[in-house]
Amino acid sequence: MRVVKPTVAGTGTLELVDRELKPDTKKRLSLGKALAGLDPDVRFDVYRNEAGQLVLDPRVSIPAREAWLFRNPEALSAVRRGLDEAARGKTKPLGSFAKHARGE
């Protein structure tokens with residue numbers, strides 16, 4: 001049975017994944033079904049409203065050395081454009097870059 005409710009934040013709908021879960025003595029819940037298919041590196045922000053409803057907002061972390069890209073809209077747009085072009089086969093061979101490699 002699929003039960004769908006509108007979200008509080010208005011970002012779509014919520015789908016009922018499981019019913020009547022009961023926390024164990026340490027107040028833990030098993031969320032195996034709800035987490036199926038998510039990125040293995042996912043972490044969650046947890047929100048609770050006045051009615052006691054909990055919302056898990058999935059997040060993934062990025063290395064600090066890569067954060068600059070997400071803070072630079074022009075560079076991020078260029079990377080996304082390049083990825084889109086590559087996905088559509090809009091690439092051309094540029095030859096070997098071996099002469100630019102640093103010896104280790």
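Right above here is the structure, for reference.
A few points on the structure. Note that the structure is a prediction, hence the values are computed from the model and not measured.

A tally of helices and strands in the protein chain yields three helices and four strands. Each helix (α) and strand (β) of the protein chain, taken in turn from the N terminus, gives the series β-β-α-β-β-α-α. Taking all 104 residues of the protein chain together, 6% fall into the buried category. Here the analysis covers contacts within the protein chain between residues at least 6 apart in sequence; of these, 5% occur between residues at least 24 apart. A total accessible area of about 10,100 Å² is found for the protein chain, and carbon and sulfur atoms account for 53% of it.

Below, the discussion takes up a nonpolar patch on the surface. A cluster of nonpolar residues, Leu21, Leu29, Leu31, Leu35, Leu38, Val46, Leu54 and Leu56, forms a patch on the protein surface that exposes about 650 Å² of accessible area. Locating leucine 54 in the fold gives a position in strand 4 (residues 54–59).

Within this structure, the stated rule accounts for five salt bridges. The salt bridge partner of aspartate 18 is lysine 33, with a shortest N-O separation of 3.9 Å. Of the two residues, aspartate 18 is situated in the loop between strand 2 (13–15) and helix 1 (32–35) and lysine 33 in helix 1; the sequence distance between them amounts to 15 residues. With a relative accessible area of 59%, lysine 33 lands in the exposed category.

Moving on: the environment of leucine 29. In this fold, leucine 29 is placed in the loop between strand 2 and helix 1. For leucine 29, a relative accessible area of 42% translates into the label partly exposed. Not counting residues up to four positions away in its chain, the partners in contact with leucine 29 are Leu21, Lys22 and Pro23.

Look at glutamate 20: it is not a glycine, yet its phi comes out positive at around 55°. Among the structural elements, glutamate 20 can be located in the loop between strand 2 and helix 1. Its relative accessible area of 78% is what places glutamate 20 among the exposed residues. A positive phi angle, close to 65°, is found at lysine 27, a residue other than glycine. Following the sequence through the fold, lysine 27 ends up in the loop between strand 2 and helix 1. Accessibility expressed as a relative area gives 75% for lysine 27, which makes it exposed.

About the thresholds
- Residues numbered from 1 in each chain as written.
- Predicted model: local features only at pLDDT ≥ 70, side-chain atom pairs only at ≥ 80, totals over all residues.
- Heavy atoms only, no water.
- Helix = DSSP H or I, 4+ residues; strand = E, 2+ residues; numbered from the N terminus.
- Buried < 20%, exposed > 50% of the residue type's maximum accessible area, 1.4 Å probe, protein only.
- Contact = heavy atoms within 4.5 Å.
- Areas by Shrake-Rupley, 256 points an atom, 1.4 Å probe, with all protein chains shown as cover.
- Patch = residues over 30% accessible without salt bridge, like charges linked within 9 Å, V, L, I, M, F, W, Y side chains within 5 Å.
- Salt bridge = Lys/Arg side-chain N within 4 Å of Asp/Glu carboxyl O.

Keep in mind these values describe shape, not function.
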